[in-house]
Amino acid sequence: MKVLVIGGGGREHALVWALHKSPQVTEVICAPGNGGIAQLARCVPVDPGSLHEMVNIVAVEQPALTVVGPELPLSVGLVDELIKRGHRVFGPTQAAARLETSKAFSKEFMQRNAIPTAAYALCTTLDEVREELSRFTVPVVVKASGLAAGKGVVICNTHLQAEEAAAQMFSGVLLGAPETEVVLEEFLTGEELSFFALCDGAHAIEIASAQDHKRIGEGDTGPNTGGMGAYSTDGIATPAMRHWLLRNVAQKTVDGMRSEGAPFKGVLFCGIMMTPRGPMVLEFNTRFGDPETEAILLRLETDIIDLFNASIDGTVNQLAIKMRPGASVSIIAASAGYPGKYASGRPITGLPAADQPNEDVVVFHAGTAIKDGQLVTAGGRVLAVSAVAPDLQSALDKAYAELAKMSFEGMQFRRDIGHRTHGKF
């Protein structure tokens, strides 16, 4: 079968890589793709924010299946339009994707459906922010309600800082476009856990769990990023905790969205904070996460096409997802200046040859391009060096050894991925 993947980052490279291994797949196309994806798939140019361009690509290519990677195409209703035209597509509708695209909707949904989350207030003006802040102790979290590529969260140590962060969100200074709504949220403490569930509108089953490293600096310091690395292990959460999260978060979410007339199909990413009061939802993503996907798919032994089909056909409850025992990691190599301003077009050297694949160590391209025959940087997060092994330390050793061979001007990465205590949840 012919499969089209929408997107062009590290997550999409991992999806293309998994599809390329499937005996059910004869051809993979990626729109727009990147320099690494081009080694496995035919890349076609598209603007992931243009509904017309994406629908047109599907009409021209006529794939048997379209897989939507990033959140932006979901937010503009790509899945709805493709279903309307009779195409087979993996991902949630625009209404179901509001769990990610509107933090205001998500918080109110969780409150309506008794899903544990932090106390919050929704504000549409700076005056409302000032009024509501008096109810919060510091630190307090200020979140942009809309999509912000993982950068719309500011932890503030004073009410004045929170007011300033909200003002910058409303004005567009912070994120490049003005927000119409911000969320004030209670600051939660504990360890974070990313819990992934496959959903078909009625059922949810666990795929895997992982832990991301959001801060740019080692020791979890500095500003938030889209993610600087992740790991996934058998013991990252106990079977009892995984069952609790499936029943009390993922399945409750599927049940709630179904009852509200927006059935959720696709991957539900549950960002969880393991607080002293119990697990609480920090956020939902309505697609595979990044860089967690690069780690998780290295461990996936079930054909990924079977996951997509079960979600679309409503047979998730009949699927048994098998993961490779052990551990996997993904370490991000980023451009100098990221998550702020950064330069692109820097030549990349030291990558493994495309004709010498290693199933245990894979370099996924997040922000690369081919320029005059040379692979160059084309994003803030450039590469996701990923490895799988029987244990976490061995996986880390493999990934860092591979990363040591690579370079580009200004390359930065964290040397402490996986440093947190794991296996205690």
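One structure accompanies this document, and this report is about it. (Residues numbered from 1 in each chain as written. Predicted model: local features only at pLDDT ≥ 70, side-chain atom pairs only at ≥ 80, totals over all residues. Heavy atoms only, no water.)

1. Observations regarding the overall build of the protein chain
And then number 1: Helix and strand counts for the protein chain stand at 12 helices and 21 strands.
And then number 2: Here the protein chain has a C-alpha radius of gyration of 20 Å; the compact-globule value for 425 residues is 22 Å, and the two agree.
And then number 3: Dimensions of the protein chain, computed from the C-alpha atoms along their principal axes, are close to 60 × 45 × 45 Å.
And then number 4: Counting only residues that meet the buried cut, the protein chain has 57% of its 425 residues in that class.
And then number 5: By sequence separation, contacts in the protein chain at least 24 residues apart represent 68% of the contacts at least 6 residues apart.
And then number 6: Looking at the protein chain as shown, the accessible area adds up to about 16500 Å², and 51% of this sits on carbon and sulfur atoms. (Helix = DSSP H or I, 4+ residues; strand = E, 2+ residues; numbered from the N terminus. Rg over C-alpha atoms; globule rule 2.2 N^0.38 Å. Buried < 20%, exposed > 50% of the residue type's maximum accessible area, 1.4 Å probe, protein only. Contact = heavy atoms within 4.5 Å. Areas by Shrake-Rupley, 256 points an atom, 1.4 Å probe, with all protein chains shown as cover.)

2. Some words on the sheet that holds strand β1 (residues 2-7)
And then number 1: With parallel pairing, five strands are arranged side by side in an open sheet as β3-β2-β1-β4-β5. Unpaired on one side and paired on the other, β3 (42-43) and β5 (89-90) mark the two borders of the sheet.
And then number 2: Relative to β5, strand β4 (residues 65-68) runs parallel, the two sharing two bridges. For Thr 66, the partnering residue across the bridge sits in β5 and is Val 89.
And then number 3: Along the sheet face, helix α2 (residues 51-61) touches β1, β2 (27-32), β3 and β4 and points at about 165° away from the line of β1. (Pairing = 2+ DSSP bridges. Axes fitted to C-alpha atoms, helices over the stretch in contact; angles between N-to-C directions.)

3. Observations regarding helix α10 (residues 292-299)
And then number 1: Burial runs high along α10: eight of the eight residues are buried.
And then number 2: Every buried residue belonging to α10 is among Glu 292, Thr 293, Glu 294, Ala 295, Ile 296, Leu 297, Leu 298 and Arg 299, and all of these are buried.

4. Details of the environment of Gly 229
And then number 1: Following the sequence through the fold, Gly 229 ends up in strand β14 (residues 229-233).
And then number 2: The spatial distance from the C-alpha of Gly 229 to the C-alpha of Ala 384 is 7.8 Å, given a sequence separation of 155 residues.
And then number 3: Every residue in contact with Gly 229, bar those within four places of it in the chain, is listed here: Gln 211, Asp 212, His 213, Pro 291, Ser 330, Ile 331, Ile 332 and Ile 417.

5. Some points on the state of the cysteines
Defined simply, a disulfide is a covalent bond joining two cysteines at their sulfur atoms.
And then number 1: What the rule picks out here adds up to zero disulfides.
And then number 2: Among the cysteines around Cys 123, which has no disulfide bond, Cys 156 carries the closest sulfur, lying 13 Å off. (Disulfide = S-S within 2.5 Å.)

6. A few points about the sheet that holds strand β9 (residues 182-186)
And then number 1: Judged by pairing direction, the sheet is antiparallel, and its four strands sit side by side in the order β6-β9-β7-β8 without closing on themselves. At either margin of the open sheet sits one strand with a lone partner, and together these are β6 (120-123) and β8 (153-156). Put simply, the sheet's adjacent strands are angled 20° from each other on average, direction ignored.
And then number 2: Summarising the sheet, strand β7 (residues 140-144) and β9 pair through five bridges and their orientation is antiparallel. Along β9, the bridge assignment pairs Val 142 with Leu 184.
And then number 3: Relative to the sheet, helix α7 (residues 126-133) contacts β6, β7 and β9, its axis offset from that of β6 by approximately 160°.

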